[in-house]
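Here is how the chains run, residue by residue.
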Amino acid sequence: MPVENPRILTKNYDTPNAWTIEAYERAGGYQSLRKAVELGPEKIREEVKAANLRGRGGAGFAAGVKWSFLKVTPGKPNYIAVNADEGEPGTFKDRTLMEKDPHRCVEGFIISAYALDVHTVFVFVRGELVLAIKRLEQAVREARAKGYLGDTVLGRPFKLDIVVHAGGGAYICGEETSLLNALEGLRGEPRLKPPFPAVIGAFGAPTIVNNLETLATVPTIVDLGGDAFSRLSRLHHLRDGGVRLYGVSGHVNRPGVYEAPVGITLRELIEDFGGGVRGGRKLKAVIPGGSSTPVLREEDIVNAPDEKHPLHAWHGKSHLDVPMGVDTMRALGTMLGTCCAIVMDDTTSMVRVAENLMLFYAHESCGQCTPCREGCAWMARLCRKFADGTATKVDLDTLGDVANNIMGNTICALGDGAAMPMLGILKLFRNEFEAAVGKPVPRIGEGAAS
Amino acid sequence: MAFELTTERLAILEELLPKYPTKRALTLPLLHLCQEQAGHITSDVVTYVAKKLELSTADVQGVVTFYTLYQQKKVGRNVIWVCRTLSCELTGARGITHALEKKLGCHVGETTADGEFTLFQAECLAACGQGPMMQLNDEYFENLTPEKLDAILDAARRNKDASCAVTFSPIGLRTRKQG
Ligand SMILES: Cc1cc2nc3c(=O)[nH]c(=O)nc-3n(C[C@H](O)[C@H](O)[C@H](O)COP(=O)(O)O)c2cc1C
Ligand code: SF4
Ligand code: FES
């Protein structure tokens, strides 16, 4: 059975000039907003809760629950900060929403602001994404001219401004508290939590930080109703609702961004959407949701004979046949992350993969915490030694130790996000590191099938 | 000579200021505006931004050094960022980077002798499904092959009214024009 490919979030992706307000309205755009203002804030928040909308930014926290944490003090401002900093290696979904359907994003921001009684929305976009910034700015201008925001929202006395804010180029600014510091004009160094942003966020005010896709999904939730939206998911029973954007890149025939229900399997993503492994080669490993999520292999089998185990329903099946959900992936020992998979074929050296990834984290660590600052650079140096053939057996133990000493000892999750994939690769592909002692490893693209 | 924003760019700043609760919040946007005009962040720019936003120059300098998009040295008329991260490496980024170095006659991190191009390596630019890829000024070029590079570089060379200062613009004049 081919995998479902609903066109909800991606409805307008192939429409010519879809980013103009004319095209968006012709396709029924801003009707959800009309419905939303009729429903009123409280009802919208209930629908979002019922939608089981898990955050699309990586951690998978339920948006409806997060919204209920917003600390409201009458007379004091609250903010929404939209996280459009998309920087996790392998992740390229939010950019498509901003470039191809910016009005859907803007409509989502307006409804969310209305639901939370927020009067300023800051959209923090990666500075590199010039076209996305341009399209969003244009969409905000057009929406203002049409009376969807500004001094009133559809004629109601609700003042709302949406401010598109370009970042300065730093992966760490995707971390929510780093994003807030960058927005405030500081170095993008993460803050200690608690306090969480919903209590003390941007400019000292309670702030909801949500991923761009999370908020771009809100118009659909209003349109369909929360429960109906949630039921589009294959994991509705696990309170992981709706449809979402998937990405697939690396060694597949048809890399790209695809829309599907929550809970399709990695095999479906790779085969049905990605068109299978390039050149008919064998799959070696797949990173399920951005570089910080530990790798999976096809040959690993779910071992969950206990009926109470969250993965019992998939006992005896390959890891690739477990549905991709926030809780199912966690139970597998990895994470759903951004739901954008990186596929590697059997020519790929996992030592080289680790080297590539650790260089990324070494470059992007903000440097505040010693375990992350020193550890990421150390892991990168060690991986390079294995790649060059200059590593010793002792280096292998050191590599594991360094990763283990980062885990849980840092201010933000970047440190763990570097250590987890390193430990994951060491666990599944230790033999490749052992074989690399004293023997250089072919570069990616220059290797033979192993 | 002391740095001053043009009136056109100053108008953008004036429009943005009331949208934020603090002046400091304008640090990143204002640096982008200044870089669009000056080409890179000179010490005069740092002084100007500090004065405009009532900050110390150390504050501003600290921000400039944190982010990759602020150039602290003069760069070429065109700036190339070629992605080196995993999805792109799996699809051939290394070959593209070498081809660029060869065609430009400079290494990653350097500017060509004629000042036309600066070549940088980028960390993932959110185009992983279209790798290998690079950003040239504010445009993305995807699914690259070494053969495709000649036409792209030639077009950039021919585009004489461009300088990176005005072509890379996440907030400045080009971004704000209707388009
Ligand atoms: C190092 C790091 C980088 C992150 N990068 C992003 C990002 O680029 N985009 C994003 O939406 N979330 C990113 N996150 C997750 C955010 O901190 C936050 O959880 C998310 O924006 C919340 O939105 P959501 O609940 O709607 O998913 C990152 C987290 C960490 C630790
Ligand atoms: S974990 Fe790393 S990136 Fe996060 S605050 Fe510490 S040093 Fe910075
Ligand atoms: S890895 Fe190159 S754009 Fe993401």
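All figures in this text were calculated on a predicted structure; none of them were measured in a lab. (Residues numbered from 1 in each chain as written. Chains lettered and ligands numbered in written order. Predicted model: local features only at pLDDT ≥ 70, side-chain atom pairs only at ≥ 80, totals over all residues. Heavy atoms only, no water.)

1. As for the overall build of chain B
Reasoning step 1: For chain B, the count of helices and strands is nine helices and four strands.
Reasoning step 2: Listed N to C, the secondary structure of chain B is α-α-α-α-β-α-α-β-β-β-α-α-α in terms of helices and strands.
Reasoning step 3: Seen through its principal axes, chain B has C-alpha atoms that stretch 50 × 35 × 30 Å.
Reasoning step 4: Counting over 179 residues, chain B shows a buried share of 59%.
Reasoning step 5: Taking contacts inside chain B between residues at least 6 apart in sequence as the whole, the part at least 24 apart equals 65%.
Reasoning step 6: Only carbon and sulfur atoms are counted for the fraction: they give 52% of the accessible area of chain B, which is about 7500 Å².
Reasoning step 7: Here chain B holds 20 positive side-chain charges and 21 negative ones, and the gap between their average locations is 1 Å. (Helix = DSSP H or I, 4+ residues; strand = E, 2+ residues; numbered from the N terminus. Buried < 20%, exposed > 50% of the residue type's maximum accessible area, 1.4 Å probe, protein only. Contact = heavy atoms within 4.5 Å. Areas by Shrake-Rupley, 256 points an atom, 1.4 Å probe, with all protein chains shown as cover. Lys, Arg positive; Asp, Glu negative; His and termini not counted. Charge placed at Lys NZ, Arg CZ, Asp CG, Glu CD.)

2. So, the domain arrangement of chain A
Residues and elements named next belong to chain A.
Reasoning step 1: Domain assignment breaks chain A into domain 1 (21-228), domain 2 (236-345) and domain 3 (350-435).
Reasoning step 2: Its C-alpha centre places domain 2 at a distance of 24 Å from the equivalent point of domain 3.
Reasoning step 3: Across the boundary between the two partners, domain 2 contributes 12 residues, which contact 12 residues of domain 3.
Reasoning step 4: Counting every contact that joins domain 2 to domain 3 gives one salt bridge.
Reasoning step 5: A salt bridge links Lys284 to Glu432, with the shortest nitrogen-to-oxygen separation between them at 2.6 Å.
Reasoning step 6: Run the count over domain 2 and domain 3 and you get five residue pairs in polar contact (both at pLDDT 80 or more).
Reasoning step 7: It is strand β7 (residues 283-287) that provides the largest number of residues to the side of domain 2 that touches domain 3, a total of three residues.
Reasoning step 8: Here the residues of the side of domain 2 that touches domain 3 are counted per class, giving seven nonpolar, two polar and three charged. (Domains from an automatic or database assignment. Salt bridge = Lys/Arg side-chain N within 4 Å of Asp/Glu carboxyl O. Polar contact = N/O pair within 3.5 Å; in protein donor to acceptor, adjacent residues only side chain to side chain. Nonpolar A, V, L, I, M, F, W, Y, C, P; charged D, E, K, R; others polar.)

3. Concerning the environment of Lys284 of chain A
Residue and element names in this part refer to chain A.
Reasoning step 1: Relative to the elements of secondary structure, Lys284 occurs in strand β7.
Reasoning step 2: Exposure remark for Lys284: the relative accessible area of 10% places this residue in the buried category.
Reasoning step 3: For the pair Lys284 and Val48, spaced 236 residues apart in sequence, the C-alpha separation works out to 39 Å.

4. Topic: the site of ligand 1
Residue and element names in this part refer to chain A.
Reasoning step 1: Neighbouring ligand 1 are 18 residues, the closest being Gly57, Asn83, Asn210, Asn211 and Thr214.
Reasoning step 2: Glu176 places a main-chain nitrogen or oxygen 3.1 Å from an oxygen atom of ligand 1.
Reasoning step 3: Expressed as a share of its isolated accessible area of 610 Å², the protein-covered part of ligand 1 is 89%.
Reasoning step 4: For the shell around ligand 1, the leading source of residues is strand β4 (residues 207-211), giving three residues.
Reasoning step 5: For the shell around ligand 1, the per-class residue count stands at four nonpolar, eight polar and six charged. (Near = heavy atom within 4 Å.)

5. Section: the pairing of strand β3 (residues 161-166) of chain A
All names here are of chain A.
Reasoning step 1: Of all six residues in β3, six are buried, a share of seventy percent or more.
Reasoning step 2: Taking every second residue as pointing to the same face, both faces of β3 are buried, with Asp161, Val163 and His165 on one and Ile162, Val164 and Ala166 on the other.
Reasoning step 3: Bridging between strand β2 (residues 120-125) and β3 involves six bridges; their strand directions are parallel. When the bridges of β3 are listed, Val121 appears paired with Ile162.
Reasoning step 4: Since β2 and β3 lie parallel, the crossover through helix α7 (residues 130-145) that links them has a hand, and here it is right-handed. (Pairing = 2+ DSSP bridges. Right-handed = clockwise from strand over helix to strand, strands pointing away.)

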